Amino acid sequence: MGCNPLVSLIAGCASSGRVTKINEARIEGGRVIALDAPSAPWVIEIQNRLKQRGFKVLRWSSRARVSEQTSETRVESYNQSEARYVLVVDGYANLDWAHRCFGGGYQFSHISTDLVDTATSETILNINGSGYSEGCAPMSGTIFGDIAKAVDAAWVKRP
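Here the structure is a predicted model, which means the values were calculated and not measured.

(A) The packing of aromatic side chains, seen in detail. The final tally for this structure, using the stated rule, is five aromatic pairs. With 4.9 Å between their ring centres and 80 degrees between their planes, Phe55 and Trp155 make a pair best called edge-to-face. Linking Phe55 in the loop between helix 2 (43-52) and strand 3 (56-58) with Trp155 in the segment after helix 3 (143-153), this pair joins segments that are 100 residues apart in sequence. Pairing Tyr85 with Trp155 gives two aromatic rings, centres 5.3 Å apart and planes at 70 degrees, and the pair type is edge-to-face. In this pair, Tyr85 is assigned in strand 6 (residues 85-93) and Trp155 in the segment after helix 3, connecting sequence segments 70 residues apart. In terms of burial, Tyr85 and Trp155 fall into one category: buried. Put simply, the rings of Trp42, Tyr106, Phe108 and Phe144 pair up and form one aromatic cluster. Directly above the ring of Phe55 sits Arg31, whose terminal nitrogen or CZ lies 4.1 Å from the centroid.

(B) Structural view of the pattern of salt bridges. Per the stated rule, a full pass over the model turns up four salt bridges. Between Asp152 and Arg53 there is a salt bridge whose closest N-O contact spans 3.0 Å. Here Asp152, found in helix 3, pairs with Arg53, found in the loop between helix 2 and strand 3; they are 99 residues apart in sequence, far enough to count as distant. Classification of Arg53 by relative accessible area gives partly exposed; the value is 31%. Ionic pairing is found between Arg84 and Asp117, a salt bridge with its closest N-O pair at 2.8 Å. Pair noted here: Arg84 is in the loop between strand 5 (75-81) and strand 6 and Asp117 is in strand 7 (residues 107-117), with a separation of 33 residues, a long-range link. Residue Arg84 is classed as partly exposed on the basis of its relative accessible area of 41%. Judged by its relative accessible area of 8%, Asp117 falls in the buried class. The structure contains a network of salt bridges with shared partners spanning Arg31, Arg53 and Asp152.

About the cut-offs
Residues numbered from 1 in each chain as written. Predicted model: local features only at pLDDT ≥ 70, side-chain atom pairs only at ≥ 80, totals over all residues. Heavy atoms only, no water. Phe/Tyr/Trp six-rings, centres within 6.5 Å; stacked < 30°, edge-to-face > 60°. Helix = DSSP H or I, 4+ residues; strand = E, 2+ residues; numbered from the N terminus. Buried < 20%, exposed > 50% of the residue type's maximum accessible area, 1.4 Å probe, protein only. Lys NZ or Arg CZ within 6 Å of the ring centre and 35° of its normal. Salt bridge = Lys/Arg side-chain N within 4 Å of Asp/Glu carboxyl O.

The following block contains the structure:
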């Protein structure tokens with residue numbers, strides 16, 4: 001994502017996410033999503049915005065180990081998934097005081113998320129960007145909100 005050089009000189013480069021839909025089908029059913037994300041303080045911003053849009057957000061997609069006897073000689077074990085959909089998050093924002101925003105935001109060198117259907121191993125959509133997040137006035141971007149909005153739009157709207 002590029003910035004207008006004049007805007008960069010005056011105010012910096014705000015970030016909003018670029019959304020790429022890979023599968024146009026809408027998801028039906030429960031609004032349960034797991035996060036596969038780094039242990040970074042900004043991940044809670046994504047989690048909170050997903051919760052505000054009605055999602056149950058889990059930190060891991062499975063919590064139970066299941067074993068099934070598939071034949072007389074074979075037993076298969078697997079992790080039973082509570083969340084069919086996983087939001088894979090990759091990003092980097094320097095967390096030292098010199099790179100943080102006064103409003104609590106972050107300056108990302110990159111951030112990318114993939115919404116993945118674990119049943120088919122198919123990526124449904126990708127959101128990526130760089131620059132300033134929300135909370136970086138006057139340069140604030142909308143990356144966290146853009147991620148939640150794009151994930152929300154992948155589901156069939158509730159009545």
